[in-house]
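Secondary and tertiary structure notes
One letter stands for each residue in the lines below.
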Amino acid sequence: MFIKICGLTDPAVARLAAEEGAQFIGILFSPLSVRKVSMKLAHEIVSSTRAGGGEAVGVFVDEDLEKMMRIIHELDLRVVQLHGEAARRACHALPHELTIIYVVDDDPLPDRLDPRKDFLLFERRDPEPRGFRFFIAGGLNAKNVEKEILLHRPHGVDLSSGVEVSLAKKEPSLIREFIQKVTAKGRFGDFGGMYVPELLVQPLKELEHALETIGLSDGFQEELAAILRTYAGRPTALTEVKRFASVIGKARIFLKREDLLHTGAHKINNAIGQCLLAKKMGKTRIIAETGAGQHGVATATACALMGLQCTVFMGAVDMERQAPNVAKMRLLGAEVRSVANGAATLKEAINEALRDWAHSYETTHYCIGSALGPHPFPKMVARFQQVIGQEAKQQIFDCLGRHPDLAIACVGGGSNAIGLFSAYLDELSVALIGVEAGGIGSKLGHHAARFQGGSPGVLHGSFTYLLQTAERQIASTYSISAGLDYPAVGPQHAALFHSGRARYEAASDSEALAAFQLLAQTEGIIPALESSHALGYVMRIAKDLGPEIVILVNLSGRGDKDLPRLFEKELKHVANR
Ligand SMILES: *Cc1c(COP(=O)(O)O)cnc(C)c1O
């Protein structure tokens, strides 16, 4: 996101704004402006802006060509902003290497503008970008800028009076606050952020601080690693599945065995990490949401281990469907609280947990179950799951002396996938593929594939891809695997999808079931239905891959939890096909 602050009259403030992260500092020359500067002052602002790492912009309002050329030349300007008729008409005659920020009005755009380097600027009007990068401007300040960014999705924001305390007097603390809002940590490209009620800002900031101090300390890292090793069962094995691979094609397939962890899935990595951090923060109580109960069980387990009080919010419908997990959580000492409103499933359970946290955060940590929600949750959960990718990368390298060609994981909220992908983000030879739940068809309501039928929007405090109706209501979702059945996805995946660094595919219920059976019968490993989606996708593509191809799949969990329901109906259905 580009930030341009316009109408600077003080070289020291210009330097500070540039140092804080404003790429562009606008200098006004119009004799009519209260923010106009003399050539001498302009020289000083240009040098201090450049010293701070920014670029000065000559802002011209209805200026004639000759005067513009003289100023551009004298100040060695590389960027100009053009307002009003005369300046626009002069556009054609300006040197070609100049970058132009063109303030759009009702006239057609000059042909001279080049979308590869020039920008449009829309002041108090709805942007029509026409292939150009664009700024929005007009009345922006630290309070409204996030909303405006969300509404218009610009490439840059431009402001002037929004950081002034009195006419033409810019206030450094307002500049800093504005820039921090725009460059908010916790964004992944356009996605992520912290879209929460005021009450939650304090606990989220406190958590972010703890994550960056306690969480990064050697003491914490060592203690966490020790618990993962002596209690959870890390490192997990890497298994080559030759019989499975030979049935479906020629490529070599390796599984990262998160199914072998205590409680049966990768979720324990995150639960132990967050509970340990919360304990170091002085919290005595943990709350969590759960859908199918897996994250609830993992959190209740970590709380029992560390002597923390535990409350798990669960939709009333889910409680009925997942009675054994409810019993397990209660056995582990947790209180399971039924959430009866709305559809009474995961989405409502998360709302209820956030509501509790807004009033209880002095004693309580909210342990979220996947790499989603407001900042810093996506970042924190990804950090606690990175161990998956770190281990797998080393293990496969030790085995083959190279990286895999494909790294594949199922994507619910996205925590096991980001845990695997994070090790390979900079290894561009490794294709990253996330597999979502394709359910029983591509109609809205029949699947949970956010990157197939979804669009950007905000849910649970984060700007990301969502399944929503034409009226922007959150759509209902369906998948045979409860862990993938969620209408939003972690914001880092939205950014990886947008940038193209990762690809997202959907595997259907029946593809997942076929993989579930095949892995059990050829390898003696019963995968979780979630993980079976990743395997189902591999089965689809394997026939086109040669023997030189190496595929790494994250086996996020074991399938024991799925057996009772499968034995009831789905397995029969597959067996009879
Ligand atoms: C919960 C769960 C998932 C989905 O969650 P992510 O955050 O996307 O990893 C996948 N596999 C298993 C076994 C799960 O329990």
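Rules and cut-offs
Residues numbered from 1 in each chain as written. Predicted model: local features only at pLDDT ≥ 70, side-chain atom pairs only at ≥ 80, totals over all residues. Heavy atoms only, no water. Helix = DSSP H or I, 4+ residues; strand = E, 2+ residues; numbered from the N terminus. Buried < 20%, exposed > 50% of the residue type's maximum accessible area, 1.4 Å probe, protein only. Contact = heavy atoms within 4.5 Å. Polar contact = N/O pair within 3.5 Å; in protein donor to acceptor, adjacent residues only side chain to side chain. Pairing = 2+ DSSP bridges. Axes fitted to C-alpha atoms, helices over the stretch in contact; angles between N-to-C directions. Right-handed = clockwise from strand over helix to strand, strands pointing away. 1 Å grid on protein atoms, 1.4 Å probe; cavity = no way out; pocket = protein on both sides within 12 Å on 5 of 7 lines; lining within 4 Å. Points joined across faces, edges and corners; volume = space filled by probe spheres on them. Nonpolar A, V, L, I, M, F, W, Y, C, P; charged D, E, K, R; others polar.

Following the sequence through the fold, F134 ends up in strand β7 (residues 133-137). With a relative accessible area of 4%, F134 lands in the buried category. Distance from F134 to S360, taken between C-alpha atoms, is 42 Å for residues 226 residues apart in sequence. Beyond its immediate stretch of four places on either side in the chain, F134 contacts L120, F122, P127, P129, H152, R153, P154, H155 and G156.

A word on the side chain of S360. Relative to the assigned elements, S360 resides in helix α14 (residues 346-360). Side-chain polar atoms of S360 contact the side chain of D356, separated by 2.7 Å.

An order of β1-β2-β3-β4-β5-β6-β7-β8 is seen for the eight strands of this closed barrel, with the pairing classed as parallel. Here the average twist between neighbouring strands, direction ignored, is 25°. Strand direction decides the pairing type here: strand β5 (residues 99-103) and strand β6 (residues 119-123), joined by three bridges, are parallel. Counterpart to I101 in the pairing with β6 is F119. In this fold helix α2 (residues 39-51) packs onto β2 (24-28) and β3 (55-61), with an angle of close to 180° to the strand it touches most, β2.

Among the five residues in β5, five count as buried, and that is most of the element. Side-chain alternation along β5 places T99, I101 and V103 on one buried face and I100 and Y102 on a second face that is also buried. Both strand β4 (residues 79-83) and β5 contribute to a ladder of four bridges, which runs parallel. From the neighbouring strand, V79 faces β5, where its bridge partner is T99. For the handedness criterion, the β-α-β arrangement of β4, helix α4 (residues 84-90) and β5 is classed as right-handed.

This part takes up unusual backbone geometry. Only a minority of non-glycine residues have a phi that is not negative, and only a minority of peptide bonds are not trans. Put simply, R234 and P235 share a cis peptide bond, and its omega is -5°. The residue P235 is located in the loop between α8 (218-232) and β13 (238-240) in this model. Residue P376 is bonded to the preceding H375 through a cis peptide linkage, with omega at 10°. Take P376: it is sitting in the loop between β18 (364-366) and α15 (377-400).

Counted under the stated rule, the structure contains three cavities of 30 Å³ or more. In this structure, the largest cavity spans a volume of roughly 410 Å³. Lining the largest cavity are 31 residues, with K267, G369, S370, G413 and G483 sitting closest to its centre. Of all the elements in the fold, those that place two or more residues in the lining of the largest cavity are β15 (285-290), α11 (294-306), α14 and α16 (415-421). For the lining of the largest cavity, the class distribution of residues is ten nonpolar, 16 polar and five charged.

Relative to the elements of secondary structure, E66 occurs in helix α3 (residues 65-75). Considering only alpha carbons, one finds E66 and A90, 24 residues apart in sequence, at a separation of 9.1 Å.

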